[in-house]
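The primary structure of each chain is shown beneath.
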Amino acid sequence: MLKITGMRCQHCVRRVHEALGAVAGVEVVRVDLDSGLARVRGRVDPAVLLAAVTALGYQAELS
């Protein structure tokens, strides 16, 4: 699970969802605007997930 800071609207959620979903090995992504959490299922290095989110300009940390 990732805690994402900076998402303010559904457009932000869509961008994060698409970026995480494009990471090789990701099977399922759920991003919640209200909690600021992204849940990712699959076999992937967490550092790659963090990099995908921060590349969009958001802050992210493992939760």
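Now for a quick tour of the structure. All figures in this text were calculated on a predicted structure; none of them were measured in a lab.

Some points on the nonpolar core
Consideration 1: By size, the foremost hydrophobic cluster in this structure holds 16 residues, and its most contacted members are Ile4, Met7, Val16 and Leu20.
Consideration 2: Counting only elements with at least two residues in this core, the list comes to β1 (2-5), α1 (10-21), β2 (26-32) and α2 (46-54).
Consideration 3: Among the elements that line this core, the one with the most residues is α1, at four residues.
Consideration 4: Each residue touching leucine 20, except ones within four places of it in the same chain, is listed here: Leu2, Val26, Val29, Ala38, Val40, Leu49, Ala52 and Val53.

Comments concerning the environment of valine 40
Consideration 1: Tracing the backbone through its elements, the reader meets valine 40 in strand β3 (residues 37-42).
Consideration 2: Measuring from C-alpha to C-alpha, the distance between valine 40 and leucine 62 comes to 11 Å, with 22 residues separating the pair along the chain.
Consideration 3: The residues contacting valine 40, other than those within four sequence positions of it, are Leu20, Val26, Val28 and Leu49.

Criteria and thresholds
Residue numbers run consecutively from 1 along every chain, following the written order of its sequence. Totals for whole chains, interfaces and linings use every residue, but because this is a predicted model, local features are given only for residues with pLDDT of at least 70 and side-chain atom pairs only at 80 or more, for both listing and counting. To obtain the side-chain values, all non-hydrogen atoms of the structure were included, while hydrogens and water were left out. The term nonpolar core refers to a set of buried residues drawn from Ala, Val, Leu, Ile, Met, Phe, Trp, Tyr and Cys, joined through side-chain atoms within 4.5 Å. Any residue under 20% of the maximum accessible area for its type is buried, any over 50% is exposed, and the rest in between are partly exposed; the area is computed with a 1.4 Å probe on protein chains only. Helix and strand assignments follow DSSP, with helices taken as H or I runs no shorter than four residues and strands as E runs no shorter than two, numbered in order from the N terminus. In this analysis, two residues are considered to be in contact whenever any of their non-hydrogen atoms come within 4.5 Å of each other.

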